[in-house]
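Structure assessment
One-letter residues, chain by chain:
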Amino acid sequence: MNELRLLAINLTRRCNLSCAHCYLDAGALSRRSGDELTTDEVCSLLADVAKFDDSTMVVLTGGEPLLRRDLEDIIAHGARLGLAMVVGTNGMMLTERRVASLQRAGLLGVGISIDSLHAGKHDRFRGKPGSWAKSMAGIEQCRRQDLSFQIHFSVTDDNADEIATMIEFASESGARVFNVFFLVCTGRGSTFSDLSVSRYERVLAELIDAQKAYPELIIRPRCAPHFKRIALQRHPDALLNRISGNDGDGCIAGTHYCRVTPEGAVTACPYIETELGDIRQAAFADIWRDAVDFQRLRDPKLAGACGACEYRKLCSGCRARPVAAGGDLMDADPFCGYVPEGGAVIEPLTDVAAGIRWSEQAETRLSRVPGFLQRMIRRRAEAFVAELGADVVTTDHLDTLTARRFGGGPPRRPGA
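Residues numbered from 1 in each chain as written. Predicted model: local features only at pLDDT ≥ 70, side-chain atom pairs only at ≥ 80, totals over all residues. Heavy atoms only, no water.

**Description of unusual backbone geometry**
Inclusion rule: A run of H or I in DSSP becomes a helix once it reaches four residues, and a run of E becomes a strand once it reaches two; helices and strands are each numbered from the N terminus. Relative accessible area decides the class of each residue, using a 1.4 Å probe on protein chains only: under 20% of the type maximum gives buried, over 50% gives exposed, and in between gives partly exposed.
At the junction of Gly62 and Gly63, the peptide bond is cis and its omega measures out at 20° in the coordinates. Relative to the elements of secondary structure, Gly63 occurs in the loop between strand 2 (57-61) and helix 2 (71-80). The backbone phi angle of Cys223 is positive, close to 65°, even though this residue is not glycine. Assignment of secondary structure puts Cys223 in the loop between strand 7 (218-222) and helix 8 (227-234). Among the residues examined, Cys223 registers a relative accessible area of 25% and is labelled partly exposed.

Structure, rendered in structure tokens:
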């Protein structure tokens, strides 16, 4: 079943930065599109999504979403509908007053982009002197006011050697998650240099090893679904590594995720520009259910090396990269260095829950977690218990997973 678990809404193309890699090719602060979705249109979209699946997490992003004066109104509307509302931002506008305002509106958390611990390097990458200092001040405001935050790091040849120190910084700063974004050459980033294929693989291996060293911090690559293959190669006996990439660690474009542009177009992900529908002309649920490319992504007929790969059901490759390179949605991911060996297809876990029960106390605990996380936690808890040779998920098991993944406390429902 293709539940919508994550919806990204690009609220604006306006931005107070000029990042070299921007997929949206975001415009300057003074350039406002006259065709941005209005407050009422965004709120209507959120109402449609909540009717469709109120356990969906909604990421409000841009451009820079904090430039929208109606951001708090949008957040409050989504939170009232029961949706998990989060914001992706460069962090520069996260002042003491704005953080408090976002919290009052019902914001669950923010993702803040930091691309180096060297101020000058970050500022050059982001295209504005002083941006690093303002973003760091934004992180400090989140810390002081207890607003949950993630660190988002766009890895390139220029900063890949900083990953270890960035992870240490994310851990010590109190971030819940350290997301490493691997660039897809679209938008302004179409002329931006990316990692070599071999270094790509080394970085992924480094992230897998770092997760063991920092169990309290979730460390995840984004737009790098062959992370699943490398994880299984390095830890073949771990049941968790046989959970399909479509269930959290790989590409979920079109299966559990899509994005809406500032003008209302629906695409499979921010890096695939093909418009599959328009929420001003059709119901969002109809687009999600019926669009041809969504159907292709849900039952992929992969070509080339991806189609021959024994890991294809765990990974399936990035679908945006072949399109960005001028190919078809189903072509091989050009940034995967693995050569298929012709073995049997590795099946993801489908029956891990067979024989696994949940204690009443564990079910109660799970019910208090936001709906968008419940499915992932259930799957991971059952795999964890199966690895231990047990057959009942208890609160002790959840405590162990919570300590490993969320540093002592999972995200709560807004207002809880």
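We are not done yet, so read on.
**Regarding the side chain of Glu201**
This is how the line gets drawn: Contacts described as polar in this section are N or O atom pairs within 3.5 Å, which, within protein, must combine one atom able to donate a hydrogen with one able to accept it, while residues neighboring in sequence count only if both atoms come from side chains. A contact between two residues is defined here by any heavy atoms of the two lying within 4.5 Å.
Assignment of secondary structure puts Glu201 in helix 7 (residues 197-213). Separated by 2.5 Å, the side chains of Glu201 and Arg229 make a polar contact. Excluding residues within four positions of it along the chain, Glu201 makes contact with His226, Arg229, Ile230, Cys336, Gly337 and Tyr338.

**Details of the environment of Asp70**
Mapping Asp70 onto the fold places it in the loop between strand 2 and helix 2. Separated by 32 residues in the primary sequence, Asp70 and Thr38 place their C-alpha atoms 9.1 Å from one another. A distance of 2.7 Å separates a polar atom in the side chain of Asp70 from a polar atom in the side chain of Arg68.

**Side note on the packing of helix 1 (residues 39-52) against helix 2**
Worth spelling out the cut-off: Working convention: axes come from line fits to C-alpha atoms, limited for helices to the stretch in contact. Angles between N-to-C directions cover 0 to 180 degrees. An angle below 35 degrees is read as roughly parallel, one above 145 as roughly antiparallel, one from 65 to 115 as roughly perpendicular, and any other as oblique. Rotating anticlockwise by less than a right angle from the far helix to the near helix defines a left-handed crossing, while the corresponding clockwise rotation defines a right-handed one. In this count, Pro and Cys sit with the nonpolar residues alongside Ala, Val, Leu, Ile, Met, Phe, Trp and Tyr, while Asp, Glu, Lys and Arg are called charged and the others, Gly among them, polar.
For the pair helix 1 and helix 2, interaxial distance at closest approach is 10 Å and the crossing angle is 20°. Considering the angle they form, helix 1 stands roughly parallel to helix 2. The two elements helix 1 and helix 2 cross, and the hand of that crossing is right-handed. Contact residues: Thr39, Val42, Cys43, Leu46 and Ala47 in helix 1; Ile74, His77 and Gly78 in helix 2. Grouping the amino acids of the contact of helix 1 with helix 2 by side-chain chemistry returns five nonpolar, three polar and no charged.

**Quick look at the environment of His77**
Within the secondary structure, His77 sits in helix 2. Since its relative accessible area comes to 21%, His77 is described here as partly exposed. Through-space distance from the C-alpha of His77 to that of Ala47 is 8.5 Å; in sequence the pair is 30 residues apart. The residues contacting His77, other than those within four sequence positions of it, are Cys43, Leu46 and Ala47.

**Details of helix 1**
Quick note on the threshold: Take the number of residues in a helix, subtract one, and multiply by 1.5 Å to get its expected span. This arc describes the spread of directions from the helix axis toward the C-beta atoms.
With 14 residues, helix 1 ought to run about 20 Å at 1.5 Å a step, and its terminal C-alpha atoms sit 20 Å apart, in line with that. Every buried residue belonging to helix 1 is among Val42, Cys43, Leu45, Leu46, Val49 and Ala50, and all of these are buried. Summarising the axial view, the buried residues of helix 1 lie within an arc of 155°, below the 170-degree limit, and thus occupy one face. Opposite the buried face of helix 1, by more than 90 degrees, sit the exposed residues Asp40 and Lys51. Looking at the packing, one finds that the buried side of helix 1 touches strand 1 (6-10), strand 2, helix 2, strand 3 (84-89), strand 8 (257-260) and helix 9 (284-290).

**Points about the state of the cysteines**
Heads up, the rule is: The disulfide criterion is simple: two cysteine sulfur atoms within 2.5 Å.
This model, assessed by the stated rule, comprises zero disulfides. We note that Cys269 lacks a disulfide partner, and the nearest cysteine sulfur, in Cys251, lies 6.4 Å from it. Cys269 gets classed as buried once you look at its relative accessible area, which sits at 8%. A disulfide-free cysteine, Cys315 has its sulfur positioned 6.1 Å from the sulfur of Cys336, the nearest such atom.

**Focus: the pattern of salt bridges**
This is how the line gets drawn: Put simply, a salt bridge is a Lys or Arg side-chain nitrogen that is within 4 Å of an Asp or Glu carboxyl oxygen.
Counting across every chain of the model gives 23 salt bridges. Note that Glu36 is salt-bridged to Arg14, the shortest N-O span being 3.4 Å. Taken as a pair, Glu36 in the loop between strand 1 and helix 1 and Arg14 in the loop between strand 1 and helix 1 lie far apart in primary sequence, 22 residues in all. Of the residues examined, Glu36 reaches a relative accessible area of 7% and is grouped as buried. Here Arg289 and Asp290 are joined by a salt bridge, their closest N and O atoms 3.1 Å apart. Residue Asp290 is classed as partly exposed on the basis of its relative accessible area of 46%. Sharing partners across several salt bridges, the network here consists of Arg14, Glu36, Arg68 and Asp70.

That is the geometry; function is a separate question.
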